[in-house]
Amino acid sequence: MNLPTVLDLIAGREATTRHTADRLREQITTLTAELAHTERELADLATTRTTLRGLAAAEFTADDPTIASGPYQQILHVLTTEPAGMRAKGICLALDVEPLPKHVESTRAKLKRMVNRHVLTEDEPGAFTLTPKRTQSSETTRRASQPLDVKLHSTRYAA
């Protein structure tokens, strides 16, 4: 084998190796960008989980977690003003929510949840009233927190 042939073989091998190195560098750049994107997404998910846990802890450590959210408070406010009780459609109307079937059914589902948790009673099918114990304590609570009730009543209920 002569020297020029060996040098040509080395040059060919060097070109192939350089091409492989360039391809690997491109893959590393692509993988580095993908890794950075994935790490940002993981950080976002961790932040979301932390936020949701904090919100859930605040929601479910309230005195009465059944009725801690705004829509439930608005329903209770309306029922406090109507001791005889109301139907889901009437509550929608009292909250200035258009009584479309989806809104009425959403309200009815919330009312049923409160019945299951002994916040409301349903003595007659579809007619919901505050439990007697809650009616007495709600009147006291309502007087003690009048500005809060006014704020809740003025907030539009979204079913």
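Treat the numbers as computed from the prediction; the structure is a model and nothing was measured. (Residues numbered from 1 in each chain as written. Predicted model: local features only at pLDDT ≥ 70, side-chain atom pairs only at ≥ 80, totals over all residues. Heavy atoms only, no water.)

Student: How should I be thinking about the overall build of the protein chain in this particular structure?
Tutor: Scanning the protein chain from terminus to terminus reveals 6 helices and 2 strands. The secondary structure elements of the protein chain, listed N-terminal to C-terminal, are α-α-α-α-β-β-α-α. Taking all 159 residues of the protein chain together, the buried fraction comes to 25%. Taking all contacts inside the protein chain whose residues are at least 6 apart in sequence as the whole, residues at least 24 apart take part in 52%. For the protein chain, the exposed surface amounts to about 11200 Å²; the carbon and sulfur share of it is 59%. (Helix = DSSP H or I, 4+ residues; strand = E, 2+ residues; numbered from the N terminus. Buried < 20%, exposed > 50% of the residue type's maximum accessible area, 1.4 Å probe, protein only. Contact = heavy atoms within 4.5 Å. Areas by Shrake-Rupley, 256 points an atom, 1.4 Å probe, with all protein chains shown as cover.)

Student: How should I be thinking about helix H4 (residues 101–116) in this particular structure?
Tutor: An α-helix turns once every 3.6 residues. As a result, residues three or four positions apart point the same way. For H4, spanning 16 residues, the distance from its first C-alpha to its last is 22 Å, which sits close to the expected 22 Å at 1.5 Å a residue. Burial in H4 covers these residues: His103, Val104, Ser106, Thr107, Lys110, Leu111, Met114 and Val115. Remark: His118 follows H4 within two positions and exhibits a positive phi of approximately 65°. (Expected span 1.5 Å × (residues − 1).)

Student: Whenever I open this one, helix H2 (residues 70–81) confuses me. Can you help?
Tutor: Helix length check: H2, at 12 residues, gives a terminal C-alpha distance of 17 Å against a target of 16 Å (1.5 Å per residue), a fit within 8%. For H2, the complete set of buried residues consists of Tyr72, Gln74, Ile75, Leu76, His77, Val78, Leu79 and Thr80.

Student: Even after reading the chapter, I still don't get the nonpolar core, so can you show me in this structure?
Tutor: For soluble globular proteins, nonpolar side chains are generally found buried alongside one another. Counting 19 residues, the largest nonpolar core has Ile75, Leu79, Ile91, Leu111, Met114 and Leu120 as its most contacted members. At the level of elements, H2, helix H3 (88–94), H4 and strand S2 (127–130) are the ones that each hand at least two residues to this core. (Core = buried A, V, L, I, M, F, W, Y, C linked by side-chain atoms within 4.5 Å.)

Student: Just to check I follow, could you spell out a nonpolar patch on the surface for this structure?
Tutor: Taken together, the side chains of Met1, Leu3, Val6, Leu7, Leu9 and Ile10 make up a nonpolar region of the molecular surface, amounting to roughly 650 Å² of accessible area. Within the secondary structure, Leu3 is located in helix H1 (residues 3–60). (Patch = residues over 30% accessible without salt bridge, like charges linked within 9 Å, V, L, I, M, F, W, Y side chains within 5 Å. Salt bridge = Lys/Arg side-chain N within 4 Å of Asp/Glu carboxyl O.)

Student: For this particular structure, what's the right way to read the confidence of the model for the protein chain?
Tutor: If pLDDT is low for a region, its predicted coordinates should not be looked at in detail. For the protein chain, mean pLDDT is 80; residues scoring 70 or higher make up 75% of the total. Considering each helix and strand of the protein chain separately, the mean pLDDT is smallest for helix H6 (residues 146–154), with a value of 39, and largest for H3, with 93. Note on residues 135–159: pLDDT under 50 across the span, and 26 contacts to partners over four residues away in sequence or across chains. (pLDDT = per-residue confidence, 0-100.)

Student: Would you take a moment to explain the pattern of salt bridges for this structure?
Tutor: Proximity of charged atoms lets side chains of opposite charge pair with each other. According to the stated counting rule, one finds 5 salt bridges in the structure shown. Between Glu122 and Lys112 there is a salt bridge whose closest N-O contact spans 2.8 Å. Linking Glu122 in strand S1 (residues 120–124) with Lys112 in helix H4, this pair joins segments that are 10 residues apart in sequence.

Student: Is there a simple way to think about the packing of H2 against H4 in this case?
Tutor: In helix packing, the relevant descriptors are the interaxial angle and the interaxial distance, both defined with respect to the helix axes. Direction vectors running N to C along H2 and H4 enclose 80°, while the axes themselves pass 11 Å from each other. Between H2 and H4, the crossing angle belongs to the class labelled roughly perpendicular. Facing Pro71, Tyr72, Ile75, Leu76 and Leu79 of H2, the residues of H4 in contact are Thr107, Lys110, Leu111, Arg113 and Met114. For the contact of H2 with H4, the residue count by class is 7 nonpolar, 1 polar and 2 charged. (Axes fitted to C-alpha atoms, helices over the stretch in contact; angles between N-to-C directions. Parallel < 35°, antiparallel > 145°, perpendicular 65-115°, else oblique. Nonpolar A, V, L, I, M, F, W, Y, C, P; charged D, E, K, R; others polar.)

Student: Explain the environment of Pro132 to me, please; I cannot follow it from the model alone.
Tutor: Summarising the element assignment, Pro132 is placed in helix H5 (residues 132–144). A relative accessible area of 60% places Pro132 in the exposed class. Considered as a pair, Pro132 and Val119 are 13 residues apart in the sequence and their alpha carbons are 9.4 Å apart.

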